[in-house]
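Residue-level structure breakdown
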Amino acid sequence: MFTYVKYLAERIVILIATVFISISVVFFVPRLVPGDPMGAILVKMASVGGSRGQSALVEEYRRRFGLDKPLWEQYLSYLRELAQGNLGISIASFPTEVITLLRSALPWTIGLLTVTTLVSWVLGSIIGAVVGWQGRRSWLTQAFVPIALLLYTTPYYILAIIMIFLFAFHWRIFPLSGAFSTAARPELSLTFALDVLRHAALPALSIILVSLGWWFLSMRSLIVSLKGEDYILWADAKGLAPKRILWRYAFRNALLPQATGLAISLGHIVAGALITEVIFAYPGIGWVLYNSIKGLDYPVIQGSVLLIIFAVAFANFVIDIAYPLIDPRIRYSQAGRG
Amino acid sequence: MATLALERQGLSWALLQNKKFVVGAIIFVLLAAVTLAGSLTVRPEDRRSGSLPPRLPPGQQALLGSDSLGRSIAVQMTEAVPNSMQVGLIAAALGTLLGALIGFISGYFGGMIDALLRILIDVFLSVPSLLFLILIASLVRGLGVQAMALIIGMFAWAWPARQVRAQVLSLKERGFVQVARLTRMNGLEIIFRELMPHMLPWLGANFVNAFIAAILAESGLSILGLGPQREMTLGMMIYWALSYGAILQNLWWWWLTPVQTLMALFLALYLVHLGFDEVSNPRLRAQG
């Protein structure tokens, strides 16, 4: 138990460090650019047509973030505002709070990401185990490995473009973009739910297929390397059915590194999914981010970046602390993602 | 952990024996050679928009067709492929170098330095670096290809650092390092004379990995509208194609050309990466 406490403490340190370092990067990077950050943004705003209530906005920012005060005071007040869940005010859609914009986008991203990540992880692991168990010469290996390799090396958004062309433009099976039809009214009905599913199909499929390729490849090589282990040979010698050996012995052990893999690649998955949202104009955080980049809405860019980092760090933390609980053998002193 | 063959005949020989490495390297070199050779034949007036009739499908008049602004796709490719490769090269070199340095220091010296660096490595591993890149690129717009590559490289050190650290930890306790210590070689000497040769295949695999990640980051940033606006990269080609609605106008040659080139490039680099991996880790080879 003592080692678990130590491990837990280590993970908490990492979580705090992640949050703290990313907040600091987000705070200091704009200030490394010469000139008054707000001023620079407003000049840019003016060059693309200006916005309503500019001076009110500047005043509000100066008041909240104390932009005329020394840097460390600004930093402290920035931390204080963040602690209260305040991410600032949007420039492009002043005076909407950044957090309000993000809150309405968040469910779409979380829904899309959770479903696709889980589906691809589970499916990829199962198919990878079956194919890995078959051995090198089996037709399953010959057929699946090259496909998985091709899928894995394709970025999400590249597959997304191909998907749009094939299934939305060429065959017109699925809608081109958005999360629901423009005519549909968000409500709790079967028609609306089906509409949402139809719109989510292509973005989800492009994320699932790409990650599936990776989970398949990694589970397959895990199973292949476990096949030579003594306990598998022993189980075989005992006369256990191969199916039982695969699922009860090899698969269960391979799930642990596979879970570690999930923790490591979470950030990568999220980053790819954000751009996939842009390709499909799917109204999640990625789409908000894209629009704020186009509209030079720096507070919103900052807010979405921070929110995503927090989410990834927290999800990582959850996987990390659950990991030793499912693996009693783990040597806590060397635990972590190794 | 180098194989006997590796120690006897050297790294390059072992790599040339590896089928995956050779196939990947051939695709990569072909892509580079064709586009670089092509760029020599391009006249300045071919680069201008309107040098061809707009929306021309691939054919005799234009090898790969033209876009909505009457720019030749083939001419864009001769600029985009070398530029994207340049981003990969610069960023991967910087990232691997920084990573190797941090990993060496962390693993070799241990103690407090190691504890702090490990936290830093873990943090930068878990945060998607694309987010920091978005933050920076949206403040300093209009960056050129090289500047972008440097910024991408500055956030690409975490993975190599972690790998190198683990390797140094395991190599450090081996006999030859202990002997070197007894002969009073200093830390740096041990690192470069004794440890470096064993790390080369790992560094190679990491370099290729960083190369892939950098091109991914560049194309991701470009699609978000943060790419080098005045230059062509594969990511920028996709960005322009998407923003002019190339898919819906059925100008397939416009978006398909950079898309399939990116796929070929990633596949080639991944095969090279697998080659390095197998050479440095003989157990992988048996798995096929």
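Below is a short write-up of the structure. Predicted model, so just to flag it, every value in this text is computed and none were measured.

1. Quick word on the packing of helix α10 (residues 242-280) of chain A against helix α11 (residues 285-294) of chain A
All names here are of chain A. Between α10 and α11, the least distance of the axes is 7 Å, while the angle of their chain directions is 70 degrees. Between α10 and α11, the crossing angle belongs to the class labelled roughly perpendicular. Facing α10, whose interface residues are A273, L274, I275, E277 and V278, α11 presents I285, G286, W287, L289 and Y290. A per-class count over the contact of α10 with α11 returns eight nonpolar, one polar and one charged.

2. Some details on unusual backbone geometry
Residues and elements named next belong to chain A. The phi dihedral of R172 falls on the positive side, at around 50 degrees, and the residue is not glycine. For R172, the location among the structural elements is in the loop between α7 (156-170) and α8 (190-226). Judged by the 9 C-beta atoms lying within 10 Å of it, R172 falls in the exposed class. Here A281, not a glycine, exhibits a phi torsion of approximately 50 degrees, which is positive. Given 16 C-beta atoms within 10 Å, A281 falls into the partly exposed group.

3. Details of the nonpolar core
Grouped together as the largest cluster of nonpolar side chains are 175 residues, with contacts concentrated most on A91, L131, L133, I134, I152 and A214 of chain B. Non-local contacts of L131 of chain B, meaning those with residues more than four positions away in its chain, are made with A271, V305, I308 and I309 of chain A.

4. A closer look at the packing of helix α5 (residues 73-109) of chain B against helix α12 (residues 234-243) of chain B
Residues and elements named next belong to chain B. Contact geometry of α5 with α12 gives a least axis separation of 7 Å together with a crossing angle of 130 degrees. The angle between α5 and α12 places the two elements in the oblique class. Facing Q76, A80, V81 and S84 of α5, the residues of α12 in contact are L234, M236 and M237. In terms of residue class, the contact of α5 with α12 is built from five nonpolar, two polar and no charged.

5. Here we look at the environment of V270 of chain A
Along the chain, V270 of chain A turns up in helix α10. Residue classification places V270 of chain A among the buried residues on the basis of 23 C-beta atoms within 10 Å. For V270 of chain A and K6 of chain A, which are 264 residues apart along the polypeptide, the C-alpha to C-alpha distance reads 29 Å. Among all residues touching V270 of chain A, those that are not within four sequence positions of it are L113, I308 and V312 of chain A together with P128 of chain B.

About the criteria used
Residues numbered from 1 in each chain as written. Chains lettered and ligands numbered in written order. Predicted model: local features only at pLDDT ≥ 70, side-chain atom pairs only at ≥ 80, totals over all residues. Axes fitted to C-alpha atoms, helices over the stretch in contact; angles between N-to-C directions. Helix = DSSP H or I, 4+ residues; strand = E, 2+ residues; numbered from the N terminus. Parallel < 35°, antiparallel > 145°, perpendicular 65-115°, else oblique. Contact = placed C-beta atoms within 7 Å. Nonpolar A, V, L, I, M, F, W, Y, C, P; charged D, E, K, R; others polar. Buried ≥ 20, exposed ≤ 12 C-beta atoms within 10 Å, placed from the backbone. Core = buried A, V, L, I, M, F, W, Y, C linked by C-beta atoms within 7 Å.

The analysis is restricted to geometry; functional conclusions fall outside its scope.
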